Every structure is written in C-alpha cells, then in structure tokens.
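Per-entry structural report
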Amino acid sequence: MSINFIVLISVWSLTILGLILWVSKDRLREACLVFFFKQFMTWILGLVVVECGWIEYPVREFSKASGTSFSFEYFIYPAICVIFNLRYPYHKGKLHRIGWFLFFPTWMTILEVLIEEHTDLIEYIEWSWYWTWLTLLITFFFSMHFYRWFFKKSSLTQ
C-alpha cells in the first residue's frame, strides 16, 4: 500500500474517531447542519481552486468524476468544522475564543503542507499555505455564524 493511501486511511480514521469522541448523540442535528453547510462551501471552493489550476490532486478517489479531493473537501474539512463549532468555548474568555479560531486553521494548514510535501495527495501550483489558512479561517467563521443564526443562538457567549 502506498503512502498516499496510508495517509488517507489514517486521516479518515482520525476524523471519524474525533466525531465519535467529541460529538454527542443529542447534538447530531446540529452536527448535520454544520457538516452540510461547510461541505457546501468547501466543495464549491475546492472545485474553483482546481478548475483555476491553483491546486492539483494527483491521487484522488474519484479521478474520473472530479479534479478535487473527495476526502478533504467533502468529508474531512466538514467533519472537523463540526467539532470546531460544537466544541467552541463559548463560556471562556475572549482570548481563549480567539485562540480557538486561530488554532483550527493553523493545525489544519500545517498538516496540509506536510501532506503536500510528502505525498501525491495535494500539489500546490499557484497556491500557498496562507491561502489555505485564510480560506479555512473564513469558512469556519461563516459556518459558525450560520450555525448560530439557524439555531437562534443570540451571542457568542452562550
């Protein structure tokens, strides 16, 4: 088995484990909303980035169907966004909440850069790590505000 598939299986396994550990059954409805909303954003953005020639996914699951990565755009990023939103530290101080917002895009970008450098799963063409970090930050921000609006949560401190 190649390093590409080992990495994909590992990331899928860790993501599923994270969902099992950090998303309670009574919040599945909220999790589905966040998952589908983030999936909508990442799938469209992922297609735009690939079609513009900024990123390539040389090894991907459905190579004849799409040029983008099904795993990253359609499952892994949305699932991590679920954990981000449902575990968000609303009752902590402002610095802690800002740190939460900065932590998620940072560790995800670091992992993506490592995957880009050491596998054939992602290849940056006209792309750089800071675009990944920025798009993750923005999509997390929008997903949180959509989630809070949909469930009528009035403030970030609830």
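What you see as residue numbers is a count from 1 along each chain, following the sequence as written. Given that the model is predicted, a residue must reach a pLDDT of at least 70 before its local features are reported, and side-chain atom pairs must reach 80 or more before they are shown or counted; all residues, however, enter totals for whole chains, interfaces and linings. Computation of side-chain values covers all heavy atoms of the structure but excludes hydrogens and water.

It is possible for side chains of opposite charge to pair when their charged atoms get near one another. Salt bridges, as used here, are contacts in which a Lys or Arg side-chain nitrogen is within 4 Å of a carboxyl oxygen on Asp or Glu. Tallied over the full model, the rule gives one salt bridge. Its salt-bridge partner being Arg27, residue Glu30 comes within 2.9 Å of it at the nearest N-O pair.

Let us look at the packing of helix H3 (residues 70-86) against helix H5 (residues 129-150). Contact geometry for H3 and H5: axes closest at 10 Å, N-to-C directions at 55 degrees. Compared by their axis directions, H3 and H5 come out oblique. Both H3 and H5 take part in a crossing whose hand is right-handed. When H3 is examined against H5, the residues Ile80, Cys81, Phe84, Asn85 and Leu86 are found in contact with a partner set consisting of Phe140, Ser143, Met144 and Tyr147. Under this scheme, a helix contributes an axis fitted over its contacting stretch, all axes are lines through C-alpha atoms, and angles between N-to-C directions fall in the 0 to 180 degree range. The helix count covers DSSP runs of H or I at least four residues long, the strand count covers runs of E at least two residues long, and both are numbered beginning at the N terminus. By the definition adopted for this analysis, an angle is roughly parallel if under 35 degrees, roughly antiparallel if over 145, roughly perpendicular if from 65 to 115, and oblique otherwise. Handedness of a helix crossing follows the sense of rotation of the near helix relative to the far helix, less than a right angle counterclockwise being left-handed and clockwise being right-handed. We call two residues contacting when some pair of their heavy atoms lies within 4.5 Å.

Let us look at a nonpolar patch on the surface. Within this analysis, patches are made of residues with over 30% relative accessible area and no salt bridge. Like charges are joined at 9 Å or less; nonpolar side chains (Val, Leu, Ile, Met, Phe, Trp, Tyr) at 5 Å or less. Accessibility throughout is a Shrake-Rupley quantity obtained with a 1.4 Å probe, and a residue counts as covered only by protein chains that appear here. Residues Trp129, Tyr130, Trp131, Leu134, Ile138, Phe141 and Phe142 make up a contiguous nonpolar surface patch of about 720 Å² in total accessible area. Tracing the backbone shows Trp131 in helix H5. Relative accessible area serves as the criterion here: at 40%, Trp131 is assigned to the partly exposed category. When accessible area is computed with a 1.4 Å probe and restricted to protein chains, residues below 20% of their type maximum are described as buried, those above 50% as exposed, and intermediate ones as partly exposed.

The terminal C-alpha atoms of helix H4 (residues 94-118) lie 37 Å apart, and with 25 residues this matches the ideal 36 Å at 1.5 Å per residue to within 8%. Of all the residues in H4, the buried ones are Arg97, Trp100, Phe101, Phe104, Pro105, Met108, Thr109, Glu112, Ile115 and Glu116. On its buried face, H4 is in contact with helix H1 (3-22), H3, strand E2 (123-124) and H5. What a helix should span is 1.5 Å times the count of its residues minus one.

To continue, consider the side chain of Glu116. Within the element layout of this structure, Glu116 appears in helix H4. For the charge count, each Lys or Arg is scored as positive and each Asp or Glu as negative, with His and the chain ends excluded. There is no salt bridge for the buried Glu116, and the closest opposite charge comes from Arg60, which lies 14 Å off by N-O distance. Two N or O atoms count as a polar contact when they lie within 3.5 Å, although within protein this holds only if one can serve as hydrogen donor and the other as acceptor, and sequence-adjacent residues are included solely when both atoms are side-chain atoms. One polar contact links the side chain of Glu116 to the main-chain amide nitrogen of Tyr124, over a distance of 3.2 Å. If we skip the residues at most four places from it in the chain, Glu116 touches Ile122, Glu123 and Tyr124.

Each pair of aromatic rings is reported with the distance of its centres and the angle of its planes. When two rings of Phe, Tyr or Trp (its six-membered ring) have centres within 6.5 Å they constitute a pair, described as stacked for plane angles under 30 degrees, edge-to-face for angles over 60, and tilted for the intermediate range. A complete count under the given rule lists 32 aromatic pairs for this structure. Seen in terms of ring centroids, Phe70 and Tyr74 are 5.0 Å apart; in terms of plane orientation they differ by 35 degrees. Their pairing is tilted. Within this pair, Phe70 and its partner Tyr74 are both found in helix H3, separated by four residues, close to a single helical turn. For Phe70, a relative accessible area of 22% puts it in the partly exposed group. The class for Tyr74 is partly exposed, based on a relative accessible area of 33%. Every member of this aromatic cluster is reached through a ring pair, and the members are Phe84, Tyr88, Tyr90, Trp100, Phe101, Phe103, Phe104, Trp107, Phe140, Phe141 and Phe142. For a Lys NZ or an Arg CZ to count as sitting over a ring, it must be within 6 Å of the ring centre and within 35 degrees of the ring normal. Just above the ring of Phe140 sits the side chain of Lys38; from NZ or CZ to the centre is 4.2 Å.

What follows concerns the packing of H3 against H4. The description of two helices packed together rests on the angle between their axes and the distance between the axes. Put simply, H3 and H4 touch, their axes get as near as 11 Å, and they point 150 degrees apart. With respect to H4, the element H3 is oriented roughly antiparallel. Crossing handedness for the pair H3 and H4: right-handed. Residue-level inspection shows Phe72, Tyr77, Ile80, Ile83 and Phe84 of H3 in contact with H4, the latter providing Trp100, Phe101, Phe104, Trp107, Met108, Glu112 and Ile115.

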